[in-house]
Amino acid sequence: MKLQESVTSLRGVGPKKAEALARLGIETLEDLILFFPKSYEDRSRVIDIAMLSVGSKCLIKGTVIRKHENRYGRKQRLVLKVADATGGIEVVFFNAGYITKSVMEGEEYLFYGQVSENRAHLQMIHPAFEKDDGRRGLVPVYPLTKGISQSELRKLENQAREVYSQTQELLPSEMLEAGRLCPIGYALNNIHFPVEKQALQEARYRFIFDELLTLQTGLFAVRQNMRNKDNGISFDSSVSVEEYVDSLGYKLTGAQRRCINEITADLESSRVMNRLVQGDVGSGKTAVAEAAMFKTVRCGFQAVLMAPTEILAKQHYEGFKSRFEKHGISVGILTGSMGAAARRDTLEKISDGRIQILVGTHAVIQKDVVFCRLGLVITDEQHRFGVNQRTALKAKGDNPNVLVMTATPIPRTLAVILYGDLDVSVIDEMPPGRRSVDTKCVSDRERAAVYDFVEDQLRSGGQAYVVAPLIEESEAVDARSAEEVNEELNERFKSYNVALIHGAMKQSDKDRIMNEFAAGDIDILVATVVIEVGINVPNASVMVIENAERFGLAQLHQLRGRVGRGDRQSYCRLIMCGNSEVARMRGKIMEESCDGFYIAEEDLKLRGPGEIFGTRQHGLPDLNIADLARHVNILSHAKECAVEILREDPELSSERYSMLRRRIVKLFGEDFALNL
Ligand code: ADP
Ligand code: MG
């Protein structure tokens, strides 16, 4: 067997199984051995039946005293009476014909499962069972998909052990030793079939490190590309942005001023700008971006701004038109839903320079979009974009200046690593007159009172958002849907205009509804999280979030940021169902603070596994075993190694790093190879 061979070379894998495995991202044997358990069952100790406690998962060893079958409702039920020297227990299987045949009375087996109680009898329902072959220890539990069972996957992993010896180290041995990392063969053995907990820890550490090293080296490689220090465009320093600033109708905050100055200095220097503008929701990042675009255009170049959603792109477009056209600057928009004729026309105007400022969704990075003199590229809400998309946008010009904007506050330790190459400007001041959004958590029994409150707000001229986690009702998920809420509110608020918006709607309908809401013709907008990013309707003063327990803190904070954007006192009501401890804590943090950085720090402390602070929030690829929040120390070690490796071999072209190179491509996707 060869590492790069298809899994179909394993016993028991035909086309069907191969398909199921592919759904788990497993195509080659290498994929298989790098597919790690999500947890382990501790089967290291056999427990006496007399010592079992209800609710725990245990391994017992007993003889089948009696075996009988009966019907239970419409199900076939197999009941085994199992006993050891200390006592007895009932083992139950439903609809499991093949088990009936494979279990013999009078024989002894190991059973592993959760102990339950039925009318004072101890029970195990559907335990794993096998003949005792003397092996004990931690048994891996893999993530599954339809068409493949836990025991099948375990058997395949076991077969694949044969190829462990063919795997290459990711790192030279000096680095392994310096980092106290165990060898790859040992790590593979112990992540899949740990002999004891200590060995498992070492193996996990090793693979977490590997993954973070892959991530970090990949990110640095992108940056080498992005960072061409000298041959940038220097913009004319006599071109001022004051004309634009004066036309805004409000006074910039000190923080906005500072950011604009930093950006202007970058633009005027011969170095290419690579700057991140970080500012909480509502801090006024748009004006900063606009000043940069104004300067760019006045210096004779084009600027493009890429937004993560079509709604947001449209909103920026309307805003840009109203603020730029009076200065004689032309603005265009490009989105995925445009008709062919309009698109052709726009492309032409981009390529001959008639459009000076372009705004759009990721449609702006498509191949046929050709600029004539691109001087500045901006991504808004950059955490919504992948690394690849950011690079693709930059590639539209000849070393254009880059500005990325984000409202996702990230803890400083991480920022340094993830955005280490970027200069950072922080907008740490809110426009004057902003009052903090009055936030309260309520239980779902108090919904009627929340609606009364919303009505008060509408009467005094405000508008409201009501957000629900689902689009339509689902049997599988116990949560409110936007459709259901919309119906209910239409009933409750007969004399008001209530409308629904969600991601699955036609673009033209979404546009119409957003426009009507912005114009004040719609009083209550019922929505899914499509409105999470960027939407700006300053007259909206209430945000109601249904099933708030289902959202992470970062998301709640973003959603709440849709209100409190004008001078109206604004309110946020979080309707909580159930009584999860984490949800309660999140609610409390939301009630206490409107400060994104504080919330991000708290989020980090609170979060459960795989939640909220996912890599998605930062436009990074999904990680398999590492966790950016929890493994910050390992990450900083990985960062040092990445720097060293790239210093030695900037292209990763040597044999020594071929494995690392391959992993990077796998992690970031095929497109990424182009950047190395
Ligand atoms: P975000 O940083 O979330 O993208 P926006 O740029 O959309 O925020 O700005 C939010 C709102 O605040 C907008 O209505 C904008 O016109 C307004 N605004 C921005 N800067 C100021 C300021 N200095 N004074 C008053 N209002 C401002
Ligand atoms: Mg914004």
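Model, not experiment: these values are computed from the prediction.

Student: Lay out the overall build of the protein in plain terms, naming residues and giving numbers.
Tutor: In terms of helices and strands, the protein carries 22 helices and 21 strands. Within the protein, buried positions represent 54% of all 676 residues. For the protein, the proportion of contacts with a sequence separation of at least 24, taken over those separated by at least 6, is 73%. Here the protein contributes 88 positive and 94 negative side-chain charges, whose respective centroids are spaced 2 Å apart.

Student: Account for unusual backbone geometry, naming residues and giving values.
Tutor: Backbone geometry at arginine 119 places phi at a positive 45 degrees, although glycine is not the residue there. Structurally, the position occupied by arginine 119 is in the loop between strand E5 (108–118) and strand E6 (121–125). Despite not being glycine, asparagine 547 shows a phi value in the positive range, around 45 degrees. Its place among the elements puts asparagine 547 in the loop between strand E20 (540–545) and helix H18 (553–560).

Student: Before we move on, could you go through the sheet that holds strand E21 (residues 571–576) and cite the residues and values that matter?
Tutor: Across the sheet, which stays open at both edges, the six strands sit in the order E16-E21-E20-E17-E19-E18 with parallel pairing between neighbours. Only two strands of the sheet have a single neighbouring strand rather than two, namely strand E16 (438–443) and strand E18 (498–501). Neighbour-to-neighbour, the strand axes of the sheet open up by a mean angle of 20 degrees, direction not taken into account. Two strands pair when backbone bridges link them, and strand E17 (residues 463–467) and E20 are joined in this way by five bridges, in the parallel orientation. Bridge pairing links valine 467 to isoleucine 545 in E20. Lying over the sheet, helix H19 (residues 581–592) contacts E16 and E21, oriented at roughly 155 degrees with respect to E16.

Student: Requested: an account of the sheet that holds strand E11 (residues 331–334), with residues and values cited.
Tutor: Strand pairing in a sheet takes place through backbone hydrogen bonds and is either antiparallel or parallel in direction. Ordered by their spatial adjacency, seven strands build an open sheet running E11-E12-E10-E13-E14-E9-E15, and the pairing between neighbours is parallel. Pairing within the sheet leaves two strands with one partner each, and these edge strands are E11 and strand E15 (423–427). On average, adjacent strands in this sheet sit at an angle of 20 degrees to one another, irrespective of strand direction. Inspection of the sheet shows strand E9 (residues 274–279) paired to strand E14 (residues 401–406) by five bridges, in the parallel sense. Looking at the pairing, leucine 276 lines up with valine 404 of E14. Running at roughly 160 degrees to E15, helix H9 (residues 254–268) makes contact with E9, E14 and E15 of the sheet. The sheet contacts of helix H10 (residues 285–298) involve E9, strand E10 (302–306), strand E12 (357–360), strand E13 (374–379), E14 and E15, and relative to E13 the element is tilted by about 170 degrees.

Student: I'd like a rundown of helix H22 (residues 658–668), residues and numbers included.
Tutor: Looking at H22, one finds that the buried residues are Met659, Leu660, Arg663, Ile664, Val665, Leu667 and Phe668. Remark: glycine 669 follows H22 within two positions and exhibits a positive phi of approximately 100 degrees.

Student: So what's going on with the site of ligand 1? Residues and values would help.
Tutor: Around ligand 1, a shell composed of 18 residues is seen, among which Gly282, Lys285, Thr286, Arg434 and Arg565 lie nearest. Contact between ligand 1 and lysine 251: a nitrogen atom at 2.9 Å from a main-chain N or O atom of the residue. At a separation of 2.7 Å, an oxygen atom of ligand 1 approaches a polar side-chain atom of arginine 434. Alone, ligand 1 offers 560 Å² of accessible surface; in the complex the protein occludes 85% of this.

Student: Provide a residue-level description of the nonpolar core, including the pertinent values.
Tutor: One finds Leu171, Leu212 and Leu213 to be the most contacted residues of the largest nonpolar core, which totals 59 residues. Breaking this core down by element, the ones donating at least two residues are helix H1 (15–23), helix H2 (29–33), helix H4 (150–159), helix H5 (173–178), helix H6 (184–192), helix H7 (197–226), helix H21 (632–648) and H22. When residues of this core are assigned to their parent elements, the largest contribution, nine residues, is made by H7. Counting 43 residues, the second-largest nonpolar core is a separate cluster that includes Ala289, Ala303, Val331 and Val359.

Rules used in this analysis
- Residues numbered from 1 in each chain as written.
- Chains lettered and ligands numbered in written order.
- Predicted model: local features only at pLDDT ≥ 70, side-chain atom pairs only at ≥ 80, totals over all residues.
- Heavy atoms only, no water.
- Helix = DSSP H or I, 4+ residues; strand = E, 2+ residues; numbered from the N terminus.
- Buried < 20%, exposed > 50% of the residue type's maximum accessible area, 1.4 Å probe, protein only.
- Contact = heavy atoms within 4.5 Å.
- Lys, Arg positive; Asp, Glu negative; His and termini not counted.
- Charge placed at Lys NZ, Arg CZ, Asp CG, Glu CD.
- Pairing = 2+ DSSP bridges.
- Axes fitted to C-alpha atoms, helices over the stretch in contact; angles between N-to-C directions.
- Near = heavy atom within 4 Å.
- Polar contact = N/O pair within 3.5 Å; in protein donor to acceptor, adjacent residues only side chain to side chain.
- Areas by Shrake-Rupley, 256 points an atom, 1.4 Å probe, with all protein chains shown as cover.
- Core = buried A, V, L, I, M, F, W, Y, C linked by side-chain atoms within 4.5 Å.

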